[in-house]
Amino acid sequence: MRITSHFDSGSIEVVKADKPSDIQLKIRKDSHSDFLQWFYFRVSGVESEALTMHFLNASETSYPDGWPDYQVVASYDRQEWFRIPTSFDGKVLTAKFTPQYNDLYFAYFAPYTVERHLDLIAWAQLSPLCQLSRVCQTVEGRDVDLLQVGEPGADKAVIWITARQHPGESMGEWFIEGLLERLLDEDDPVSRSLLNKSVFYIVPNINPDGVFHGNLRTNAAGANLNREWQNPTQEKSPEVFYVRELMHKTGVDAYLDVHGDEAIPYNFVAGCDEIPGYDAKHKHIQDSFKAFWQEFSPDFQVKHGYPVAHHQIDEYMTMATSYIGSTFKCLAYTIEMPFKDNFNLPDPEYGWSPERCKRFGASVLGALLKVLPELK
Ligand code: ZN
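Procedures and definitions
- Residues numbered from 1 in each chain as written.
- Predicted model: local features only at pLDDT ≥ 70, side-chain atom pairs only at ≥ 80, totals over all residues.
- Heavy atoms only, no water.
- Phe/Tyr/Trp six-rings, centres within 6.5 Å; stacked < 30°, edge-to-face > 60°.
- Helix = DSSP H or I, 4+ residues; strand = E, 2+ residues; numbered from the N terminus.
- Buried < 20%, exposed > 50% of the residue type's maximum accessible area, 1.4 Å probe, protein only.
- Lys NZ or Arg CZ within 6 Å of the ring centre and 35° of its normal.
- Donors = N, O, S within 2.8 Å, 3.2 Å for Na, K, Ca; no water.
- Tetrahedral: all angles 85-135°; square planar, octahedral: opposite > 155°, others 65-115°.
- Pairing = 2+ DSSP bridges.
- Contact = heavy atoms within 4.5 Å.
- Polar contact = N/O pair within 3.5 Å; in protein donor to acceptor, adjacent residues only side chain to side chain.
- Salt bridge = Lys/Arg side-chain N within 4 Å of Asp/Glu carboxyl O.
- Domains from an automatic or database assignment.
- Buried area = accessible area lost by both parts, 1.4 Å probe.

**With respect to the packing of aromatic side chains**
Piece 1. The tally for this structure, following the rule as stated, stands at 33 aromatic pairs.
Piece 2. For the ring pair Phe-175 and Trp-293, a centre distance of 6.4 Å and an interplane angle of 75° mean the geometry is edge-to-face. A residue pair is termed long-range when its members are at least 10 positions apart, and Phe-175 in helix α2 (residues 171–183) and Trp-293 in helix α6 (residues 280–296) qualify at 118 residues. Across this residue pair, the class does not change: Phe-175 and Trp-293 are buried.
Piece 3. Residues Phe-175 and Phe-360 carry aromatic rings whose centres are separated by 5.8 Å and whose planes lie at 80° to one another, so their mutual orientation is edge-to-face. Of this pair, Phe-175 sits in helix α2 while Phe-360 sits in helix α9 (residues 354–375), and the two are 185 residues apart along the sequence.
Piece 4. We classify Phe-175 as buried; its relative accessible area is 0%.
Piece 5. Residue Phe-360 is classed as buried on the basis of its relative accessible area, which comes to 1%.
Piece 6. Chaining the aromatic ring pairs together yields one cluster made of Trp-38, Phe-39, Phe-41, Phe-55, Trp-67, Tyr-70, Phe-106, Tyr-108, Phe-109 and Phe-339.
Piece 7. The ring of Tyr-105 has Arg-78 sitting right over it, with the charged end atom 5.2 Å from the ring centre.
Piece 8. Positioned above the aromatic ring of Phe-35 is the side chain of Arg-217, whose terminal nitrogen or guanidinium carbon lies 5.4 Å from the ring centre.

Spelled out as structure tokens, the structure:
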């Protein structure tokens, strides 16, 4: 038996792996910070062996509330990621599975690697509706890529979307993939109507260093990018520094920042309710957007989410959504999807999955079309 994570987005520490019935693992810290929660590794030489994997430090991770009701994902072909029986005793997370093949992968959520990201942008640039460019380079010299969809114009709304500030929240880029497939579909009436009156600037992966290293929350300088928006620097957070600079150049009429939440088993959004100067007009457009999205996707709901004042106000104002919402007085939302499942529409076999992220990403375009007249 062999266990390895020496590949794109891989992460695990092996404590003991001499017998399949008692595999002892530790979840590894981010490459340059103390956050920890993400794992993705390969197990070889185990066909028909009853595997029992213990994640010994589960209770010491960044979000221990992420483990109750959570099921590890597994895949033989790295395309189909299914859930396996998992339990949490308050200290150790234990997953059990008997593979049908010799070689398989386990992860916290279906990974979306840097390689897959490169495939996504290469595919997108072939569309006549889309232009690919590079915003900047990261701390380690990877590219931060930007997709412009549609043409800018004086009367057009400017819609910005970013994902993977927190690199372990891979559902964010699955969401973007589904959104792009619809937005670049020249036969889709929602997308055609949107692009008549708006231009999209989409950063599918703003933290490729963190994604490559298999980090949960930080870049290669140890920065949590979603706490860098007030004072980003070229040294510590160039990814935010340059994307933000570009947003100031284009202006912003709507902004969506796509994330995942470890603990809450629902899809929800967090907006600008606490920014200084939040007024009735701002509230109205937020409420309209939420109402429309509920019409377009039963996977979206507004009952469960973060309570108001979930973050201290100083911290809150360093986050992308609050910074952009207060600077541009525009619709700005953090979108959160579950690592577990949507408990309103549970799927025991797959849980919340790449396919469901993609459908959910496509569905947000309907809500954006409906609020479009109010954006400018
Ligand atoms: Zn996040």
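**Here we look at the coordination of the zinc ion**
When a metal holds four donors in a tetrahedron, each ideal angle between them is 109.5 degrees; when it holds six in an octahedron, the ideal angles are 90 or 180 degrees.
Piece 1. The zinc ion binds to the protein through His-166 (ND1), Glu-169 (OE), Glu-169 (OE) and His-259 (ND1), with metal-donor distances spanning 2.0 to 2.5 Å.
Piece 2. Between the four donor atoms coordinating the zinc ion, the angles at the centre fall across 55 to 145°, so the site counts as irregular.
Piece 3. One chain supplies every donor for the zinc ion, spaced along it as H-x2-E-x89-H. Of the two residues, Glu-169 is situated in the loop between β13 (157–163) and α2 and His-259 in strand β15 (residues 254–261); the sequence distance between them amounts to 90 residues.
Piece 4. Classification of His-259 as buried rests on a relative accessible area of 1%.

**What to know about the sheet that holds strand β10 (residues 103–107)**
Piece 1. The five strands lie next to each other as β1-β4-β10-β6-β7, forming an open sheet whose pairing is antiparallel. Each having just a single partner strand, β1 (2–4) and β7 (82–83) make up the two edges of the open sheet.
Piece 2. Direction of pairing for strand β6 (residues 73–75) relative to β10: antiparallel, over a ladder of three bridges. Opposite Ser-75, over in β10, you have Tyr-105 as the bridge partner.

**Considerations on the environment of Gln-71**
Piece 1. By secondary structure assignment, the location of Gln-71 is in the loop between β5 (51–55) and β6.
Piece 2. Each C-alpha atom of the pair Gln-71 and Thr-94 lies 9.5 Å from the other, and the pair is 23 residues apart in sequence.
Piece 3. Look past the residues within four positions of Gln-71 in its chain and what remains in contact with it is Arg-83, Ile-84, Pro-85 and Thr-86.
Piece 4. Only 3.0 Å separates the side chain of Gln-71 from the backbone nitrogen of Thr-86, close enough to count as a polar contact.

**Description of the pattern of salt bridges**
Piece 1. Summed over the entire model, instances satisfying the criterion amount to 20 salt bridges.
Piece 2. Across the pair Lys-16 and Asp-18 runs a salt bridge whose closest N-O atoms are separated by 3.6 Å.
Piece 3. Salt bridges here are not isolated pairs; linked through shared partners, they connect Arg-116, Glu-177, Glu-181 and Lys-358.

**Quick look at the domain arrangement of the protein**
Piece 1. Taken domain by domain, the protein consists of domain 1 (2–107) and domain 2 (114–374).
Piece 2. Computed from C-alpha atoms alone, the centre-to-centre distance between domain 1 and domain 2 is 28 Å.
Piece 3. Between domain 1 and domain 2, the buried area comes to about 2,100 Å², and carbon and sulfur atoms account for 52% of it.
Piece 4. Our enumeration of links across domain 1 and domain 2 arrives at zero salt bridges.
Piece 5. For the pair domain 1 and domain 2, the interface holds 21 residue pairs in polar contact (both at pLDDT 80 or more).

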